[in-house]
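A closer look at the structure
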Amino acid sequence: MASNSPRRRELLAGLGLDFEVRILPGIDESYPPTLPVEQIAEHIAAKKADAYREQMSADELIITADTIVVAAGEVMGKPHDAADARRMLHALSNRTHQVITGVCLTTQHMQKRFSVTTDVTFKALTDKEIDYYIATYRPYDKAGAYGIQEWIGYIGVTGLNGSYFNVMGLPVQRIYTELDKM
């Protein structure tokens, strides 16, 4: 698995697979501005996978992923600072947004790409709740500035349509299905 995310490592471990973690710094996560929103996460996951291909041995498979949050047409990655996190959480408050995780399963000779989308609905969050979450949980490594498995998810999420684990950053059920086909 190629990921810095402790959540992704935990979720993949839940499948009972033996794996190691590899991390290459400085992988370009940009995407063309004309790329349809639903293809962005998959595009970035593929760029991550391509960065590892030269280092792979013939019998290896690498899993890469990228997660974005989309609210009212805005693509949200990880917040830059507290002000950006506050802005994102206000934008998610009292509405439904989409969490899209793109995944690549890559070997030296093939690549399987897919994405999974989950709809998440938040209650109206107060400034006090948002400020508490940012100060206490520091959500700077999370798309959309939140972790559903943290306090803000406990008190704020009122609806979920799709995979909970996808919102955490890795659609493990779909990964299991795709690996089983291989």
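Residues numbered from 1 in each chain as written. Predicted model: local features only at pLDDT ≥ 70, side-chain atom pairs only at ≥ 80, totals over all residues. Heavy atoms only, no water.

**Description of the environment of methionine 56**
Relative to the assigned elements, methionine 56 resides in the loop between helix 2 (37–52) and strand 1 (62–71). In sequence terms methionine 56 and threonine 106 are 50 residues apart; their C-alpha atoms lie 9.5 Å from each other. (Helix = DSSP H or I, 4+ residues; strand = E, 2+ residues; numbered from the N terminus.)

**Topic: the side chain of threonine 64**
For threonine 64, the location among the structural elements is in strand 1. By relative accessible area, which is 0% here, threonine 64 ends up buried. Only 2.8 Å separates the side chain of threonine 64 from the backbone oxygen of alanine 45, close enough to count as a polar contact. (Buried < 20%, exposed > 50% of the residue type's maximum accessible area, 1.4 Å probe, protein only. Polar contact = N/O pair within 3.5 Å; in protein donor to acceptor, adjacent residues only side chain to side chain.)

**Considering the sheet that holds strand 1**
The strand order across the open sheet built from five strands is 2-1-3-4-5, with neighbouring strands paired in antiparallel fashion. On the outer flanks of this sheet lie strand 2 (74–76) and strand 5 (157–161), each paired with one strand and no other. Between one strand and the next, the sheet's axes are offset by a mean angle of 30 degrees, whatever the strand orientation. Looking at chain direction, strand 3 (residues 96–106) and strand 4 (residues 111–122) are connected through eleven bridges and run antiparallel. When the sheet's bridge partners are listed, glutamine 98 is paired in strand 4 with aspartate 119. (Pairing = 2+ DSSP bridges. Axes fitted to C-alpha atoms, helices over the stretch in contact; angles between N-to-C directions.)

**Focus on the pairing of strand 3**
Burial analysis of strand 3 places nine of its eleven residues in the buried class, the great majority of the element. Sheet topology note: the strand 1/strand 3 ladder contains nine bridges and is antiparallel. Considered in strand 3, the bridge of valine 69 is made with valine 99. Hairpin connection from strand 3 to strand 4: four residues lie between these consecutive antiparallel strands.

**Side note on the packing of helix 3 (residues 82–92) against helix 4 (residues 127–137)**
Interaxial distance between helix 3 and helix 4 falls to 10 Å at its minimum, and their mutual angle equals 135 degrees. Relative to helix 4, helix 3 is oriented oblique. With respect to the hand of their crossing, helix 3 and helix 4 are arranged in right-handed fashion. Mapping the contact onto sequence places Ala82, Ala85, Arg86, Leu89 and His90 in helix 3 and Asp127, Ile130, Asp131, Tyr133 and Ile134 in helix 4. (Parallel < 35°, antiparallel > 145°, perpendicular 65-115°, else oblique. Left-handed = near helix turned anticlockwise from the far one by under 90°. Contact = heavy atoms within 4.5 Å.)

**Quick look at the pattern of salt bridges**
A full pass over the atoms with the stated rule returns 17 salt bridges. As a salt-bridge pair, lysine 142 and glutamate 150 come within 3.3 Å of each other at their nearest N and O atoms. In this structure, arginine 174 engages glutamate 178 in a salt bridge whose closest nitrogen and oxygen atoms are separated by 2.8 Å. In this pair, arginine 174 and glutamate 178 are both assigned in helix 7 (residues 172–181), four residues apart and thus about one turn of the helix distant. For arginine 174, a relative accessible area of 27% gives the class partly exposed. In this structure glutamate 178 comes out as buried when scored by relative accessible area, which is 5%. (Salt bridge = Lys/Arg side-chain N within 4 Å of Asp/Glu carboxyl O.)

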